[in-house]
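Listed below are the residues making up each chain.
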Amino acid sequence: MKLFGREPAVWLGLVAVAVQTLVAWGVDLSEGQQAGVNAVATLAMGLAVAVASAHDQIVPAASGLLVGVLQLAVSFGFDLSQDKIATAGALLTAALAAYLRTQVTAPVTADGARVPKATVYSK
């Protein structure tokens, strides 16, 4: 899934670097505030991925939610390094990918034409 032509991880990386740049240029954000901004971005991206998937396939939101919750834990004073957070997110993503690989099919036909996907709402 892509948003504005880019993978969700690219957008989250951009948010993280933007926050770091703001701090480097003198914006006074505590580590907790920085973690909170990254958590909100991660949760929002997780929700976007879930909505774009299909209403019966909300599982992709779990990875975004886990990383978001861990980022929020940091903002509340828990001692979690960014390496631990990234590793936990990667582990969950890998586990979900292994499971989902057998559960979903590509939204394209053999000739590459897009197959209409289910929407999360009905009219």
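Predicted, not measured: the structure shown is a model, and the values here were computed from it. (Residues numbered from 1 in each chain as written. Predicted model: local features only at pLDDT ≥ 70, side-chain atom pairs only at ≥ 80, totals over all residues. Heavy atoms only, no water.)

Q: Quick question: what am I supposed to make of the overall build of the chain here?
A: Along the backbone of the chain there are four helices and zero strands. Listed N to C, the secondary structure of the chain is α-α-α-α in terms of helices and strands. Scored against the burial criterion, the 123 residues of the chain give a buried share of 23%. In the chain, the proportion of contacts linking residues at least 24 apart, taken out of those at least 6 apart, comes to 50%. Surface accessibility of the chain: about 8600 Å² in total, with carbon and sulfur atoms responsible for 67%. (Helix = DSSP H or I, 4+ residues; strand = E, 2+ residues; numbered from the N terminus. Buried < 20%, exposed > 50% of the residue type's maximum accessible area, 1.4 Å probe, protein only. Contact = heavy atoms within 4.5 Å. Areas by Shrake-Rupley, 256 points an atom, 1.4 Å probe, with all protein chains shown as cover.)

Q: Honestly, helix H3 (residues 61-75) in this entry has me stumped. Any pointers?
A: Turn by turn, an α-helix covers 3.6 residues, leaving residues three or four places apart pointing in a common direction. In a regular helix each residue adds 1.5 Å, so 15 residues correspond to 21 Å; H3 covers 21 Å between its end C-alpha atoms and thus fits that length. For H3, the complete set of buried residues consists of Ala61, Ser63, Gly64, Val67, Gly68, Leu70, Gln71, Ala73 and Val74. Looking one or two residues beyond H3, the residue adopting positive phi is Gly77, at roughly 105°. (Expected span 1.5 Å × (residues − 1).)

Q: How do you make sense of the environment of Gly36 when you look at a structure like this?
A: Counting through the fold element by element, Gly36 comes out in helix H2 (residues 31-53). Along the chain, Gly36 and Leu70 lie 34 residues apart, while their C-alpha atoms are 10.0 Å from each other.

Q: Mind showing me how you'd approach the side chain of Gln34 here?
A: Structurally, Gln34 is set in helix H2. One polar contact links the side chain of Gln34 to the main-chain carbonyl oxygen of Leu29, over a distance of 3.2 Å. With residues near it in sequence (within four places) discarded, Gln34 still touches Val19, Val23 and Leu29. (Polar contact = N/O pair within 3.5 Å; in protein donor to acceptor, adjacent residues only side chain to side chain.)

Q: What exactly am I supposed to notice about the side chain of Asn38 here?
A: Structurally, the position occupied by Asn38 is in helix H2. Owing to a relative accessible area of 16%, Asn38 belongs among the buried residues under this scheme. Non-local contacts of Asn38, meaning those with residues more than four positions away in its chain, are made with Val15, Ala16, Val19 and Gln71.

Q: Mind showing me how you'd approach the environment of Ala35 here?
A: With respect to the helices, strands and loops of the structure, Ala35 is situated in helix H2. By relative accessible area, Ala35 is classed as buried at 5%. Sequence-wise, Ala35 and Leu72 are 37 residues apart; in three dimensions their C-alpha atoms are separated by 6.4 Å. Filtering out sequence-adjacent residues up to four positions away, Ala35 remains in contact with Gln71, Val74 and Ser75.

Q: Any chance you could explain a nonpolar patch on the surface here in plain terms?
A: Residues Leu72, Phe76 and Phe78 make up a contiguous nonpolar surface patch of about 360 Å² in total accessible area. The topology assignment puts Phe76 in the loop between H3 and helix H4 (82-100). Taking the relative accessible area as the measure of exposure, Phe76 reaches 68% and is therefore exposed. (Patch = residues over 30% accessible without salt bridge, like charges linked within 9 Å, V, L, I, M, F, W, Y side chains within 5 Å. Salt bridge = Lys/Arg side-chain N within 4 Å of Asp/Glu carboxyl O.)

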